[in-house]
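Notes for the structure review
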Amino acid sequence: MAIEIVPEWIHGLDDEDVSFIKKFLLASGSLKEIANQYGVTYPTVRLRLDKLIQKIQIAEDNKNEPYISLIKRLAVDDKLDFDTAKILINEYKKVKGV
């Protein structure tokens, strides 16, 4: 049975995110088990999960304009530092009057 309707938040995830979710589910949500599978520490896995949660929350936050969501996603993905993201969002809000 194929999934015909994919939630919008899933479109914002990359292949690595989907793979992490699959491993997380197959490990019954055990972060310790996931840490063993990836060969990293528990705090590293916890940070990865927190970033994934943030990505999903950003995608689910419909009140954000697409530009603001993009800036937030870039910051969560470590492609843009948080201070720069804050500046860009604040300047955008000033220009748009948001």
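For the structure given in this document, a descriptive report is provided here. Computed from a predicted structure; not experimentally measured. (Residues numbered from 1 in each chain as written. Predicted model: local features only at pLDDT ≥ 70, side-chain atom pairs only at ≥ 80, totals over all residues. Heavy atoms only, no water.)

Right, let's talk about the packing of aromatic side chains for a bit. On inspection of all chains with the given rule, the structure shows three aromatic pairs. Ring geometry for Phe 20 and Phe 24: centres 6.4 Å apart, planes at 10 degrees, overall stacked. Taken together, the positions of Phe 20 and Phe 24, both in helix H2 (residues 15-26) and four residues apart, correspond to about one turn of that helix. The exposure class of Phe 20 is buried, given its relative accessible area of 2%. One aromatic cluster is present, built from ring pairs that chain together Phe 20, Phe 24 and Tyr 38. Over the face of the ring belonging to Tyr 38 we find Lys 23, whose NZ or CZ atom lies 4.5 Å from the ring centre. Between the NZ or CZ atom of Arg 48 and the centre of the ring of Phe 20, over which it lies, the distance is 5.2 Å. (Phe/Tyr/Trp six-rings, centres within 6.5 Å; stacked < 30°, edge-to-face > 60°. Helix = DSSP H or I, 4+ residues; strand = E, 2+ residues; numbered from the N terminus. Buried < 20%, exposed > 50% of the residue type's maximum accessible area, 1.4 Å probe, protein only. Lys NZ or Arg CZ within 6 Å of the ring centre and 35° of its normal.)

Attention now goes to the pattern of salt bridges. A full pass over the atoms with the stated rule returns eight salt bridges. We note a salt bridge from Arg 46 to Asp 50, for which the minimum N-O separation is 2.7 Å. Of the two residues, Arg 46 and Asp 50 are both situated in helix H4 (residues 42-60); the distance of four residues between them amounts to about one turn of the helix. The class for Arg 46 is partly exposed, based on a relative accessible area of 31%. On the basis of relative accessible area, Asp 50 is assigned to the partly exposed category, the value being 33%. One salt bridge in this structure joins Lys 51 and Asp 78, with 2.3 Å as the shortest N-O distance. Remark: Asp 78 occurs in the loop between helix H5 (66-76) and helix H6 (82-96) and Lys 51 occurs in helix H4; sequence separation between them is 27 residues. (Salt bridge = Lys/Arg side-chain N within 4 Å of Asp/Glu carboxyl O.)

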